[in-house]
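Descriptive structure summary
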Amino acid sequence: MENNLSKLQIPREKCWQLVEKYVSPEGRLHLLNTEAAMGALARYFNGRSARGGPAQGGEDEHTWAMCGLLHDIDYEQITGKENMEAHMQEHCGPLTEKFLKEIDFPDDLIRVIQSHNEVQNIPRDSRLAKALFAVDGLTGFIVAVSKILPDKLVSSVKLESVLKRFKEARFAAAVSRENIYTCESELGIPKEKFVAIVLAAMAEAEEHVNN
Ligand SMILES: [Fe+2]
Ligand SMILES: [Fe+2]
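1. Quick notes on the packing of aromatic side chains
Counted according to the given criterion, the structure contains six aromatic pairs. Between the aromatic rings of Tyr44 and Phe45, the centroid separation amounts to 5.5 Å while the plane-to-plane angle is 65 degrees, which identifies the pairing as edge-to-face. Like Phe45, Tyr44 is buried. Ring geometry for Phe166 versus Tyr181: centroids 5.6 Å apart, planes at 80 degrees, classification edge-to-face. Of this pair, Phe166 sits in helix H8 (residues 159-166) while Tyr181 sits in helix H9 (residues 177-185), and the two are 15 residues apart along the sequence. The class of Tyr181 is partly exposed, set by a relative accessible area of 27%. Among the aromatic residues, ring-to-ring pairing joins Phe141, Phe166, Phe171 and Tyr181 into one connected group. Over the ring of Phe45 we find Arg127; its NZ or CZ atom is 4.0 Å from the centre of that ring.

2. Observations concerning the coordination of the iron ion (ligand 1)
Binding of the iron ion (ligand 1) to the protein goes through Asp72 (OD), His91 (NE2) and His116 (NE2), at separations of 2.1 to 2.2 Å. Separating the iron ion (ligand 1) and the iron ion (ligand 2) is a distance of 3.5 Å, and Asp72 donates to both of them. With Asp72 in the loop between helix H3 (61-70) and helix H4 (84-90) and His91 in the loop between H4 and helix H5 (94-102), the pair connects residues that are 19 residues apart, well separated along the chain. The class for Asp72 is buried, based on a relative accessible area of 5%. When its relative accessible area of 5% is taken as the criterion, His91 is described as buried.

3. Brief notes about the coordination of the iron ion (ligand 2)
Bound to the iron ion (ligand 2) on the protein side are His30 (NE2), His71 (NE2), Asp72 (OD) and Asp136 (OD), at distances that span 2.1 to 2.2 Å. Around the iron ion (ligand 2) sit four donor atoms; with metal-centred angles ranging over 86 to 177 degrees, the donor geometry is irregular. Relative accessible area serves as the criterion here: at 0%, His71 is assigned to the buried category.

4. A few points about H9
Here H9 has its buried residues at Arg177, Ile180, Thr182 and Cys183. Structurally, H9 contributes buried residues whose contacts are with helix H7 (127-147), H8 and helix H10 (191-210). Of the residues that open H9, the one with a side-chain oxygen 3.3 Å from the backbone nitrogen of Glu178 is Ser176.

5. Details of the packing of H5 against helix H6 (residues 107-114)
Where H5 contacts H6, the two axes come as close as 10 Å, and the packing angle between them is 140 degrees. Judged by the angle between their axes, H5 and H6 are oblique. By crossing handedness, the relation of H5 to H6 is classed as right-handed. Residues Thr96, Glu97, Leu100 and Lys101 of H5 touch H6, and the partners they reach there are Asp107, Ile110, Ile113 and Gln114. Per-class residue counts for the contact of H5 with H6 are three nonpolar, two polar and three charged.

6. Here we look at the pattern of salt bridges
Under the defined criterion, the tally for this structure stands at eight salt bridges. The shortest N-O distance in the salt bridge between Arg43 and Glu61 comes to 2.6 Å. You can see Arg43 sitting in helix H2 (residues 28-50) and its partner Glu61 sitting in helix H3, a full 18 residues away along the chain. Using a relative accessible area of 34% as the deciding quantity, one classes Glu61 as partly exposed. For the salt bridge of Arg165 with Glu168, the shortest nitrogen-to-oxygen distance reads 2.9 Å. A relative accessible area of 24% means that Arg165 is categorised as partly exposed.

7. A look at unusual backbone geometry
Positive phi, normally seen in glycine, also occurs at Cys92, with a value near 70 degrees. Its location among the elements puts Cys92 in the loop between H4 and H5.

Reading the values: rules and limits
- Residues numbered from 1 in each chain as written.
- Chains lettered and ligands numbered in written order.
- Predicted model: local features only at pLDDT ≥ 70, side-chain atom pairs only at ≥ 80, totals over all residues.
- Heavy atoms only, no water.
- Phe/Tyr/Trp six-rings, centres within 6.5 Å; stacked < 30°, edge-to-face > 60°.
- Buried < 20%, exposed > 50% of the residue type's maximum accessible area, 1.4 Å probe, protein only.
- Helix = DSSP H or I, 4+ residues; strand = E, 2+ residues; numbered from the N terminus.
- Lys NZ or Arg CZ within 6 Å of the ring centre and 35° of its normal.
- Donors = N, O, S within 2.8 Å, 3.2 Å for Na, K, Ca; no water.
- Tetrahedral: all angles 85-135°; square planar, octahedral: opposite > 155°, others 65-115°.
- Contact = heavy atoms within 4.5 Å.
- Polar contact = N/O pair within 3.5 Å; in protein donor to acceptor, adjacent residues only side chain to side chain.
- Axes fitted to C-alpha atoms, helices over the stretch in contact; angles between N-to-C directions.
- Parallel < 35°, antiparallel > 145°, perpendicular 65-115°, else oblique.
- Left-handed = near helix turned anticlockwise from the far one by under 90°.
- Nonpolar A, V, L, I, M, F, W, Y, C, P; charged D, E, K, R; others polar.
- Salt bridge = Lys/Arg side-chain N within 4 Å of Asp/Glu carboxyl O.

This is the structure:
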């Protein structure tokens, strides 16, 4: 796959300031989880190439992580989810572009972020875009699994429980399993492995939040 996307030069601190400006403390958790998951996926691809096989690496961890951190920057500034149709129409539209331009986020990476909302009809033509799309629902799904545990901690969530819950259509019904499973068709990562990577990354992020 072509990989000529911009390498993000903007430091995390500046990206985080944008999150603080537009997203409430409660809303930030999903962004932090997605940041952690995307960083871990970039490392996965880079590590895999280092062990031989076709050159698959060259993914910039910071760029991936910041696209994760900022992917829903607009979602509290548009029509709320009580009107889901309007919410989805507006999500990742002009406001996303406007906000990201405030910190001079590169145009091609703005498009990557916008492409995670299928309604925008922007092709996911990079591994980064495909990863963001596949990971988005999974972070929320794992949080949902953690919420039914006594300690409500992601670090207590077992890989097998997540896989089992996937098959329960009524559990976290709003999360599209189909989207998550594009990790296999689009990224070539078996879903067991994909969940393991994201789960570990989220558990680590949780430690930072709680300490
Ligand atoms: Fe989104
Ligand atoms: Fe999201």
